[in-house]
Amino acid sequence: MARNLLWVVVLIVVVSCLVWTLEASEGDADPLYKSCVDQCQKTGCVGDTCFHQCKFFSADGKANDGPWYMQEPLYLRWKQWDCQSDCQYECMMTREEERKRDGEKPTKYFGKWPLKHVYGIQEPVSAAFAALDLAIQFHGWVSYFILVYYHLPLQPNRKTYYEYNGLLHIYAIIVMNALFWSGVCHSRDVDLTQRLDYSSATVLAGYTLVLAVIRSFSIHDQSAKVMVTAPVLALVATHIIYLNFYNLDEGLHRKVIYGIGGVELVVWGLWSVLTSHPSKWKLRAFFVSCILTTCLRMLDFPPYKGYVDAHALWRAAGIPLSYLWWSFIRDDAVFRTTVLLKKSK
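Definitions and limits used
Residues numbered from 1 in each chain as written. Predicted model: local features only at pLDDT ≥ 70, side-chain atom pairs only at ≥ 80, totals over all residues. Heavy atoms only, no water. Helix = DSSP H or I, 4+ residues; strand = E, 2+ residues; numbered from the N terminus. Expected span 1.5 Å × (residues − 1). Buried < 20%, exposed > 50% of the residue type's maximum accessible area, 1.4 Å probe, protein only. Contact = heavy atoms within 4.5 Å. Salt bridge = Lys/Arg side-chain N within 4 Å of Asp/Glu carboxyl O. 1 Å grid on protein atoms, 1.4 Å probe; cavity = no way out; pocket = protein on both sides within 12 Å on 5 of 7 lines; lining within 4 Å. Points joined across faces, edges and corners; volume = space filled by probe spheres on them. Nonpolar A, V, L, I, M, F, W, Y, C, P; charged D, E, K, R; others polar. Axes fitted to C-alpha atoms, helices over the stretch in contact; angles between N-to-C directions. Parallel < 35°, antiparallel > 145°, perpendicular 65-115°, else oblique. Left-handed = near helix turned anticlockwise from the far one by under 90°.

1. Observations concerning helix α7 (residues 222-245)
In step 1: Its 24 residues place the ends of α7 33 Å apart at the C-alpha level, agreeing with the 34 Å of an ideal helix rising 1.5 Å per residue.
In step 2: Turning to α7, its buried residues number three or more, namely Lys225, Val228, Val232, Val236, His239, Ile240 and Leu243.
In step 3: Looking at the buried residues of α7, the elements they touch are α6 (191-216) and α8 (250-274).

If you want it as structure tokens, here you go:
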């Protein structure tokens, strides 16, 4: 009873963590920053730094891009943004240096902390961790595939005994797609990459919720699966349509993802308390880790050395979490296959 009470307390922490939000001031409203951006777009320079993609104007008012031999080679231009984005970035970095010299704390610009670019990559640490997480997910999927098709018995029709096999293959594709677009968005956060990132993340959140319900309640009836999937699919489709065709609202998107994720964590948490699964400790460790990483994602602090922020730490924490998840799935496949083989005999 005491142990179950502990898990109930943990569930309460989940809900508390999911409603915790922090506010921060916006540096893009700073008059000095706005003046710097306006001046950069007119002259193409911030101090001694000039951008070849900005159009310079000669004394007679004509656009002058400079001679071809003064322009950067084509194979190096990939790291450049457009004139406005480069001006905003350089002015942001300049303004933050001024604030640091004056003893002021960093502030946000357009809702995000000022992060240093590396070869044009906007959030290099988060992008690297997203790529590494994608690699871990792929490795987990391949190891699961080898297990169920080459190390576990198969039915006479060459199908696996593990009844959730198809759901796991679909999950692998969805999660890797979401991580791919997340990494792209961390590299270049523009309107298109944001839409692809948000849409992929919404599909992943909805699908993992369906997977959690079906596996936790051992749902095998097709009509019951439809009853579980239909409302989640409707929510996911509505949210994606709203983001892409009405308003790309980051705040609303975050609330929807946190809401779906909170319900999913409750489902996994309750099952981890009630199940007699031989690898229930992995499920419980996964559940607790999800709580900690979710709370970590909601932390809000200036980036360390201009590179590592709370989102980057959340991305890093997701890497061992992905490994733990696929480890439990492999154990679950062995467990269910053993049970079904005994029943068939």
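2. Topic: unusual backbone geometry
In step 1: One non-glycine residue, Ser218, lies in the positive phi region at around 50°.
In step 2: With phi around 60°, Lys305 is a residue other than glycine that occupies positive phi space.
In step 3: Looking at the element boundaries, Lys305 is found in the loop between α9 (280-298) and α10 (310-344).
In step 4: The class for Lys305 is exposed, based on a relative accessible area of 57%.

3. Quick word on the pattern of salt bridges
For side chains bearing opposite charge, pairing can occur when the charged atoms are close.
In step 1: The tally for this structure, following the rule as stated, stands at 11 salt bridges.
In step 2: A salt bridge links Asp189 to Lys112; the shortest N-O distance between them is 1.9 Å. Taken together, the residues Asp189 in the loop between α5 (165-187) and α6 and Lys112 in the loop between α3 (83-101) and α4 (124-151) connect sequence positions 77 residues apart.
In step 3: Since its relative accessible area comes to 14%, Asp189 is described here as buried.

4. With respect to the side chain of Thr293
In step 1: Relative to the elements of secondary structure, Thr293 occurs in helix α9.
In step 2: Not counting residues up to four positions away in its chain, the partners in contact with Thr293 are Trp314, Ala317 and Leu321.

5. Things to note about the layout of surface pockets
In step 1: The volume enclosed by the second largest pocket comes to roughly 400 Å³.
In step 2: What lines the second largest pocket is a set of 15 residues, and nearest its centre among them are Lys100, Pro106, Pro303, Lys305 and Gly306.
In step 3: Residue composition of the lining of the second largest pocket, by class: six nonpolar, one polar and eight charged.

6. Describing the packing of α5 against α10
In step 1: Packing of α5 against α10 leaves a shortest axis separation of 14 Å and a crossing angle of 165°. It follows that α5 is roughly antiparallel to α10 by the angle criterion. For the element pair α5 and α10, the recorded crossing hand is left-handed. Taken together, the residues of α10 that come into contact with α5 (itself represented by Leu168, Tyr171, Ala172, Leu179, Ser182 and His186) are His311, Arg315, Trp325, Trp326 and Ile329.

7. Quick word on the packing of α6 against α7
In step 1: As a packed pair, α6 and α7 sit with axes 10 Å apart at the nearest point and diverge in direction by 170°. Taken together, the axis directions place α6 and α7 in an arrangement best described as roughly antiparallel. Between α6, through Arg195, Tyr198, Ser199, Thr202, Val203, Gly206, Leu209, Val210, Val213 and Ile214, and α7, the contact on the second element is made entirely by Lys225, Val228, Thr229, Val232, Val236, His239, Ile240, Leu243, Asn244 and Phe245.
In step 2: Residue composition of the contact of α6 with α7, grouped by class: 12 nonpolar, six polar and two charged.

8. Focus: empty space enclosed by the protein
Where empty space is left becomes clear once a probe the size of a water molecule has been rolled over the atoms.
In step 1: On inspection of all chains with the given rule, the structure shows one cavity of 30 Å³ or more.
In step 2: Within this model, the largest cavity holds a volume of roughly 30 Å³.
In step 3: What lines the largest cavity is simply Ile136, His139, Gly140, Ser143, Ser322, Tyr323, Trp326 and Arg330.
In step 4: Taken together, the elements giving at least two residues each to the lining of the largest cavity come down to α4 and α10.
In step 5: The residue makeup of the lining of the largest cavity, split by class, is three nonpolar, four polar and one charged.

Everything listed here is a matter of geometry and, on its own, says nothing about what the molecule does.
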